[in-house]
Amino acid sequence: MKKRKGLHLIAYLLGVAMLLTAFTFCGKQAEKKLEIFSWWTAGGEAEGLAEMFKIYSNENPGIEIVNATVAGGAGENAKAVLASRMQGGNPPDSFQVHAGHELIDSWVAAGKMEPIDFIFSNIMESYPKGVIDIISSKGHIYSVPVNIHRANVLWYNKKLFKKYGLKAPDSLDEFFTVAQKLKAKGVTPLALGDKGIWSSVQLLETVLIAKLGANGYKGLWTGDTAWDSAGVKDAIKTFIKILGYANNNHNALEWDGAAQLVIDGKCAMTVMGDWAEGYFKAKNLTPDVDFGWAPSPGTKGTFDALSDTFGLPIGAPHRANAVKWLMVCASKEGQDAFNPKKGSIPSRIDGDKSLYDVYLQSAMADFSANDIVPSLAHGAAASPSWLTMISDAVTLLVTEKNADKADASFVDAAKKSLKM
Ligand code: GAL
């Protein structure tokens, strides 16, 4: 008898617990909220995101958007916060993640994302196949790409270049000639902000592209190009030489701080992804008047690409609202409102060109004509663990300037990551 009563009590308690869980779950789902997680806090990127929020709110009045941002370029801080939330079973409704290895080798591989093929059912032909490929795994699509960014761009202060009769350098040799002339005039040639080491990783990746060419660079990620080849060694040495022309306080600044040095005329150039264009415009600068651009030295004809995407984590607290968000991200209207401010081009092929400025139109033309290579620093080329190993080696390289030691670490990282 006693035993029975005990069993009844357990069953009763279990029932109450299940009901409570169900209520909390339904309660969250019914809440009129949407939490979007990203690292877009700087000029240009914050404005772009706000444009998509505007569209969402017009289409879904009454849903409160929680703009959950963690500052720090390339997600240098956001990614760790996201990881602890995901591991703790507390995902946001949707989060920013780069297309390619960053998405597929981490959250998809861990079984933490919902496939979202249904979002694409009627709009598949609006996306390039190459883009769909890098957001897919085992035949399913896992995120919505809102843009395409270019990482290999050299930005320069047009007034300074005019004042000193300079022309944007095409090759690395020309870069050093221009840099020397600027130095002689007392102007710091290159602005760098590698408080987050990714900025230096990205600079190195552009030099690798210049020295190895598009195919040689792509081969680094498949094992076809050896990390101890002459081209890689040359790139590392050249990278060290470039650092000699950068601002002394580079490790105290973020990428936008470096872009600001160019605006202020304290430095003449910076090599940065085209989110810098969004930053310049947010500071009221006009493309081709106040600032100019060129492919980073030696990379003409190659487009070093990455894409920001948003996915649907399993257990998104407001799943229905998150699906509506993904629809905005996937729409032509959403992308055409976001990208002109962000400094990126739409990932859809049907963007309205007339809404994009002269730089972005040139990026669109290059994206369709150039060789496309995946960015290392922004999750497209290598798995997150490989990128971490390279980044650690670059941190030492920037301070110690020891090319052989860095190359040995790169070789080791490739061995571990390609399982050679
Ligand atoms: C990149 C991201 C860009 C931009 C940049 C600086 O990783 O793809 O959208 O935000 O970081 O934060």
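Cut-offs used in this document
Residues numbered from 1 in each chain as written. Predicted model: local features only at pLDDT ≥ 70, side-chain atom pairs only at ≥ 80, totals over all residues. Heavy atoms only, no water. Pairing = 2+ DSSP bridges. Helix = DSSP H or I, 4+ residues; strand = E, 2+ residues; numbered from the N terminus. Axes fitted to C-alpha atoms, helices over the stretch in contact; angles between N-to-C directions. Contact = heavy atoms within 4.5 Å. Parallel < 35°, antiparallel > 145°, perpendicular 65-115°, else oblique. Left-handed = near helix turned anticlockwise from the far one by under 90°. Nonpolar A, V, L, I, M, F, W, Y, C, P; charged D, E, K, R; others polar. Domains from an automatic or database assignment. Buried area = accessible area lost by both parts, 1.4 Å probe. Salt bridge = Lys/Arg side-chain N within 4 Å of Asp/Glu carboxyl O. Phe/Tyr/Trp six-rings, centres within 6.5 Å; stacked < 30°, edge-to-face > 60°. Buried < 20%, exposed > 50% of the residue type's maximum accessible area, 1.4 Å probe, protein only. Right-handed = clockwise from strand over helix to strand, strands pointing away.

### Notes on the sheet that holds strand β10 (residues 267–271)
- Strands sit in the order β9-β10-β8-β11 across an open sheet of four strands; the sheet is mixed. Of all strands in the sheet, those with a lone pairing partner are β9 (188–191) and β11 (291–295), marking the two edges. For this sheet, the mean angle separating the axes of adjacent strands, direction not counted, is 25°.
- As judged from the five bridges shared by strand β8 (residues 153–157) and β11, these two strands associate in the antiparallel manner. When the sheet's bridge partners are listed, Asn157 is paired in β11 with Phe291.
- On the sheet, helix α11 (residues 255–263) packs against β8, β9 and β10 and is oriented at approximately 145° with respect to β10.

### Here we look at the packing of α11 against helix α12 (residues 275–282)
- Two elements in contact, α11 and α12, have axes whose closest approach is 10 Å; the angle formed by their N-to-C orientations is 55°. As summarised for this structure, α11 and α12 are arranged oblique, according to the angle between their axes. In this structure, the crossing between α11 and α12 has a hand that is right-handed. On the side of α11, the interface is formed by Trp255, Asp256, Ala259, Gln260 and Ile263, while α12 contributes Trp275, Ala276, Tyr279 and Phe280.
- Residues of the contact of α11 with α12, tallied by class, amount to seven nonpolar, one polar and one charged.

### What to know about the domain arrangement of the protein chain
- If you check the domain split of the protein chain, you get domain 1 (30–148 + 306–374) and domain 2 (150–304 + 377–418).
- A C-alpha centroid distance of 25 Å is found between domain 1 and domain 2.
- Contacts between domain 1 and domain 2 engage 35 residues on the former and 35 residues on the latter.
- In total, about 2,900 Å² of surface goes out of reach between domain 1 and domain 2, with carbon and sulfur atoms giving 60% of it.
- When residues of domain 1 are sorted by the area they lose upon contact with domain 2, Leu306, Tyr359 and Pro374 head the list and together hold 25% of the total.
- At the boundary of domain 1 and domain 2, one finds two salt bridges.
- Elements represented by at least two residues in the side of domain 1 that touches domain 2 include exactly α2 (45–59), α4 (101–108), α14 (332–342), α15 (358–369) and β14 (371–374).
- Ranked by residues supplied to the side of domain 1 that touches domain 2, first place goes to α15 with seven residues.

### Observations regarding the packing of aromatic side chains
- Per the stated rule, a full pass over the model turns up 23 aromatic pairs.
- Measuring from centroid to centroid gives 4.7 Å for Phe280 and Phe291, while their planes differ by 40°, and the two rings are tilted. Of this pair, Phe280 sits in helix α12 while Phe291 sits in strand β11, and the two are eleven residues apart along the sequence.
- For Phe280, a relative accessible area of 1% corresponds to the buried category.

### Notes on the pairing of strand β1 (residues 33–38)
- A large share of β1 lies buried, amounting to five of its six residues.
- Sheet topology places β1 next to strand β2 (residues 64–69); six bridges connect them, and they run parallel. From the neighbouring strand, Lys33 faces β2, where its bridge partner is Glu64.
- Crossover connection from β1 via α2 to parallel β2: handedness right-handed.
- Sheet topology note: the β1/strand β3 (residues 94–98) ladder contains two bridges and is parallel.

### Notes on the pairing of β8
- Most of β8 is tucked away, with five of its five residues classed as buried.
- Alternating positions in β8 separate into two faces, Val153, Trp155 and Asn157 on one and Leu154 and Tyr156 on the other, with burial throughout.

### With respect to the pattern of salt bridges
- In this structure the tally under the stated criterion is 19 salt bridges.
- Salt-bridge contacts for Asp133 lead to Lys129; the nearest nitrogen and oxygen are separated by 2.9 Å. Residue Asp133 and its partner Lys129 are both found in helix α6 (residues 129–133); the two are separated by four residues, about one turn of the helix.
- Of the residues examined, Lys129 reaches a relative accessible area of 61% and is grouped as exposed.
- Residues joined by salt bridges that share partners form a network here, namely Glu51, Lys54 and Lys341.

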